[in-house]
Amino acid sequence: MMGWHLEKTASTSRERCGGQGYLAANRFIDYIAMAHAAMTAEGDNRILMTKIVKDMITRHIKEKKPLPT
């Protein structure tokens, strides 16, 4: 999830800076590249989050606890 947040923050910052956001001195592209690498290294975050939620629901059902709302 941190990869998602880093990519969104760096991309939004770069867009808000206009033409200055494309200068190498601002290093936005470095942060975007790090975010893309993190998202790739972590695997597909959506699949991981789906698995976590499935495991949480399964555990709640086995323990016969109500699911949080």
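The coordinates are above.
In this report, we go over the structure that sits alongside the text. Just so it is clear, the model here is predicted, and its values are computed rather than measured.

Secondary structure summary: the protein chain contains 3 helices and 0 strands in total. Counting from the amino terminus, helix and strand elements in the protein chain follow one another as α-α-α. Per-residue burial for the protein chain yields a buried fraction of 14% across its 69 residues. Sequence-distant contacts in the protein chain: of pairs separated by 6 or more residues, those separated by 24 or more amount to 47%. Here the protein chain displays about 5,800 Å² of accessible surface, and carbon together with sulfur accounts for 64% of that area.

Here the focus is the environment of Ser11. Its location among the elements puts Ser11 in helix α1 (residues 2-16). Judged by relative accessible area, which is 16%, Ser11 ranks as buried. As a C-alpha pair, Ser11 and Ile29 span 18 residues in sequence and 8.5 Å in three-dimensional space.

What follows covers a nonpolar patch on the surface. On the surface, Trp4, Met49, Ile52 and Met56 cluster together to form a nonpolar patch covering roughly 340 Å² of accessible area. Looking at the nonpolar patch, the element that brings in the most residues is helix α3 (residues 45-62), giving 3 residues. Position of Met56 among the secondary structure elements: in helix α3. Exposure remark for Met56: the relative accessible area of 42% places this residue in the partly exposed category.

Let us now look at α1. For α1, which comprises 15 residues, the first-to-last C-alpha distance of 21 Å matches the rise-based estimate of 21 Å (1.5 Å per residue) to within 8%. Where α1 is concerned, the buried positions are Gly3, Ala10, Ser11 and Arg14. With its buried residues spanning 95° around the axis, α1 presents them on a single face. Those residues of α1 that are exposed and angled more than 90 degrees off the buried face are Met2, Lys8 and Arg16. Phi turns positive, to about 65°, at Gly18, one or two residues after α1.

The rules behind each value
Residues numbered from 1 in each chain as written. Predicted model: local features only at pLDDT ≥ 70, side-chain atom pairs only at ≥ 80, totals over all residues. Heavy atoms only, no water. Helix = DSSP H or I, 4+ residues; strand = E, 2+ residues; numbered from the N terminus. Buried < 20%, exposed > 50% of the residue type's maximum accessible area, 1.4 Å probe, protein only. Contact = heavy atoms within 4.5 Å. Areas by Shrake-Rupley, 256 points an atom, 1.4 Å probe, with all protein chains shown as cover. Patch = residues over 30% accessible without salt bridge, like charges linked within 9 Å, V, L, I, M, F, W, Y side chains within 5 Å. Salt bridge = Lys/Arg side-chain N within 4 Å of Asp/Glu carboxyl O. Expected span 1.5 Å × (residues − 1). Arc of directions from axis to C-beta.

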